[in-house]
Amino acid sequence: MTRSIALLGSTGSIGRQTLEVARELGLTVAALTANSSVDLIEQQAREFCPRLAVLYDKAAAAELRERLRDTKTQVLSGMEGLLAAATAEDADTVVTAVVGMIGLKPTLAAIEQGKRIALANKETLVCAGTLVMDAAEKFGAEIVPVDSEHSAIFQCVQGCRDRSEIKRLILTCSGGPFYGLTREQLAGKTRADALRHPNWTMGAKITVDSATLMNKGLEIIEAMRLYRLPLRQVDAIIHRQSIIHSLVEYRDGAMLAQLGTPDMKLPIRYAMTYPYRAETPDRTLDLLSCPPLTFAAPDEETFRCLKLARQCAAVGGTACAILNGANEEAVGAFLRDAVGFNDIPALVEAALGTVEQVSAPTLEEILAADHAAREAVRAHIQ
């Protein structure tokens, strides 16, 4: 069970909820990191008294350092700071809740220290899953997923004696705010429209990914890497109510599902306490009052990001890093109102057709593919 955490991405949605769980469980916080949110990370640092606080932005870090002069918290910046937080000796668990490829190097650094990784940064496994899982095996690091879907799968395979018994992993998907719309109807959707998720409260990037269904595509790739399964054994279905968080189908026809309220503190708490379960102070699922549970196949022709993700999952290599990097850049442009909603899959597809792919990449080649994908999207936007 976790005693002390280094929290990478403390000011985002997952980070804030992780600190709620840390408070509830009485965990020590060794390190906090964020991008540039000086006010919020100062509040967090004054409450949890970490040995280290990191702001990636150097100017913001300088301001934070001045504000925390009356404390014992050391303030660092940049990738150097993230790596210091990820390898903090006084943290037994590293919660990687940063968004995007920036989480890859710190996660690998923490793995090399043999720490438990509470993984909420899906891009790490999407882009470099083979490298990450091989490193975890080599250094004896335990990876416990925090994403609700992957936590559900993780819980459902606890009683599995042999992975060969698994027939299929089934990830559920709410369908986002645009479920049932046509591609023509999607064309006029705005940033504000895309951020109105029907069930979950999340950060802007992941909420847009949920609207395009790219999030589910990334999760399919992540599940393949976590459980070392081929694409044919990982599926996704639309489940609008977000009550069943995912399922495992076994070869004898049995299906195990994890149910619960759409509350990220449940998988966060489990990642902190695994293999034990702690009492929750939050509202739990009432089966007598929950709505009927429905299921449908995703529309991959309208929501083309899911189709592109499946194609990249089948290809492997740097295809997934290109997919992810292009998507991050395209979503960022959409959030700045620089492109339309339907431009997101178009820009990703263009990058996949432009950037050279490598079949068995090194870390350097993965990072180069990510950079090239972003550059390709920027060039198309200009």
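Residues numbered from 1 in each chain as written. Predicted model: local features only at pLDDT ≥ 70, side-chain atom pairs only at ≥ 80, totals over all residues. Heavy atoms only, no water.

Side note on the packing of helix H1 (residues 13-25) against helix H2 (residues 38-48)
This is how the line gets drawn: Note on definitions: angles span 0 to 180 degrees between N-to-C directions of axes, and those axes are lines fitted to C-alpha atoms, for helices only across the stretch in contact. Each helix is a run of DSSP H or I of at least 4 residues and each strand a run of E of at least 2, with the numbering of both proceeding from the N terminus. Each angle receives one of four descriptions, namely roughly parallel if under 35 degrees, roughly antiparallel if over 145, roughly perpendicular if within 65 to 115, and oblique otherwise. Crossing chirality is assigned from the near helix's rotation relative to the far helix, an anticlockwise turn below a right angle marking it left-handed and a clockwise turn marking it right-handed. Contacts are assigned to residue pairs with any non-hydrogen atoms lying within 4.5 Å of each other. Asp, Glu, Lys and Arg are counted as charged, while Ala, Val, Leu, Ile, Met, Phe, Trp, Tyr, Cys and Pro are counted as nonpolar; the rest, among them Gly, fall into the polar class.
Look at H1 against H2: their axes get within 12 Å of each other, and the N-to-C directions meet at 10°. The angle between H1 and H2 places the two elements in the roughly parallel class. Two packed elements cross with a definite hand, and for H1 against H2 that hand is left-handed. Across the interface between the two elements, Arg16, Leu19 and Arg23 of H1 pack against Leu40, Gln44, Glu47 and Phe48 of H2. Residues that form the contact of H1 with H2 fall into these classes: three nonpolar, one polar and three charged.

Description of a nonpolar patch on the surface
Quick note on the threshold: For patch building, the residue pool is restricted to those with more than 30% relative accessible area and no salt bridge; the joining distance is 9 Å between like charges and 5 Å between nonpolar side chains (Val, Leu, Ile, Met, Phe, Trp, Tyr). Each accessible area is a Shrake-Rupley estimate made with a 1.4 Å probe; only the visible protein chains count as cover when residues are assessed. We count a salt bridge whenever a side-chain nitrogen from Lys or Arg sits within 4 Å of a carboxyl oxygen from Asp or Glu.
On the surface, a nonpolar cluster with roughly 370 Å² of combined accessible area is contributed by Leu259, Leu287, Leu293 and Phe295. Structurally, Leu259 is set in strand E11 (residues 255-259).

A look at the sheet that holds strand E10 (residues 244-250)
Rules: What makes two strands pair is DSSP finding at least two bridges between them.
Strand order in the open sheet made by the four strands is E9-E8-E10-E11, with mixed pairing throughout. The strands lining the two open edges of the sheet, one partner per strand, are strand E9 (234-238) and E11. Pairs of neighbouring strands in the sheet enclose a mean axial angle of 20°, with direction left out of account. Two elements, strand E8 (residues 166-173) and E9, share five bridges in a ladder whose sense is parallel. Among the inter-strand pairings, Cys173 is bridged to a residue of E9, identified as Ile238.

Some remarks on the pattern of salt bridges
Rules: Accessible area is worked out with a 1.4 Å probe on protein chains only. A residue is then buried under 20% of its type maximum, exposed over 50%, and partly exposed in between.
What the rule picks out here adds up to 34 salt bridges. With its nearest N and O atoms 2.6 Å apart, the salt bridge here joins Asp209 to Lys205. Taken together, the residues span about one helical turn, with Asp209 and Lys205 both in helix H10 (residues 204-212) at a distance of four residues. Asp209 sits in the buried class, given a relative accessible area of 1%. The salt bridge involving Glu219 is made with Lys216; its shortest N-O contact spans 2.5 Å. You can see Glu219 and its partner Lys216 sitting in helix H11 (residues 214-227), three residues apart, about one turn around the helix. Exposure class is identical for Glu219 and Lys216. Each is buried. Linked through salt bridges whose partners overlap, the residues forming this network are Asp39, Glu42, Arg46, Glu63, Arg67 and Asp70.

In short, the description is geometric, and any link to function would need to be established separately.
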